[in-house]
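Observations on the model geometry
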Amino acid sequence: MKKLSFLVLVVFALSFYSCDVEPVDPVALANAANNPGGGGNGGGSGSAITGTYILTAFNTSVPTDLNNDGTASINQMSETNCFNNSLLTLNTNGTFTADTKGIEIDLNTTQLACFEDPDINGNWTIQGNTLRLSYTEGGVPNIDEFTVVGNTLVMVIEDGSIVGSTGGNPIYLNSDITFIYTKQ
């Protein structure tokens, strides 16, 4: 009998709350439909964030001297041109494209080498000042989160892997990484 009473109470509560229907604002509904990256999920304006962003800083907590000029830097973009013109494009339909450029250790020559992999494509959403990029790479689903600060997108990776050198020999190092993209 207790189970039946509880079930009746739950059904009653659900029917009571389901009857409380608020009118839908047609303008808000249209904005949500036209801005899949923004308006419909409680976040900021999807149209304000759309556009092309260029990587303007790739900062690490461990300074490196990749260009062997005797001066180590935390901004890897001042050490190598491998990241130049790295782009992230947020489309108005809630999709994105990002190119993947970087630096790696060529295992055949044990020298540093720039690489460029195929573009990454996926979907984006925004809630508050958090931008989420969802995509699949190599069969593995990924979500990258950026903080929106004015016209920049900032992503921090704690204890990531970067290329460095010691005594002129390239090595992989653990470091915190901060990517900063600036809207064009």
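These lines cover the structure that appears in this document, whether it is placed above or below. (Residues numbered from 1 in each chain as written. Predicted model: local features only at pLDDT ≥ 70, side-chain atom pairs only at ≥ 80, totals over all residues. Heavy atoms only, no water.)

Here Asn 91 lies in the loop between β3 (87–90) and β4 (95–106). Under the relative-accessibility criterion, Asn 91 is labelled partly exposed at 28%. In sequence terms Asn 91 and Thr 52 are 39 residues apart; their C-alpha atoms lie 8.5 Å from each other. When neighbours within four sequence positions are excluded, Asn 91 is seen to be in contact with Thr 50, Phe 96, Thr 97 and Trp 124. (Helix = DSSP H or I, 4+ residues; strand = E, 2+ residues; numbered from the N terminus. Buried < 20%, exposed > 50% of the residue type's maximum accessible area, 1.4 Å probe, protein only. Contact = heavy atoms within 4.5 Å.)

Glancing now at the environment of Gly 94. Counting through the fold element by element, Gly 94 comes out in the loop between β3 and β4. C-alpha separation for the pair Gly 94 and Thr 50, spaced 44 residues apart in sequence, amounts to 8.7 Å.

The grouping of Glu 104, Glu 116, Asp 117, Asp 119 and Glu 137 at the surface amounts to a negative patch. Sorting elements by how many residues they give to the negative patch places strand β5 (residues 111–127) first, with three residues. Mapped onto the elements of the fold, Asp 117 is located in strand β5. (Patch = residues over 30% accessible without salt bridge, like charges linked within 9 Å, V, L, I, M, F, W, Y side chains within 5 Å. Areas by Shrake-Rupley, 256 points an atom, 1.4 Å probe, with all protein chains shown as cover. Salt bridge = Lys/Arg side-chain N within 4 Å of Asp/Glu carboxyl O. Lys, Arg positive; Asp, Glu negative; His and termini not counted. Charge placed at Lys NZ, Arg CZ, Asp CG, Glu CD.)

Attention shifts here to the pattern of salt bridges. Going through the model one piece at a time under the given rule, you end up with one salt bridge. The salt bridge partner of Arg 132 is Glu 145, with a shortest N-O separation of 2.8 Å. Here Glu 145 lies in strand β7 (residues 140–149) and Arg 132 lies in strand β6 (residues 130–137), a separation of 13 residues in the sequence. With relative accessibility at 42%, the residue Glu 145 sits in the partly exposed group.

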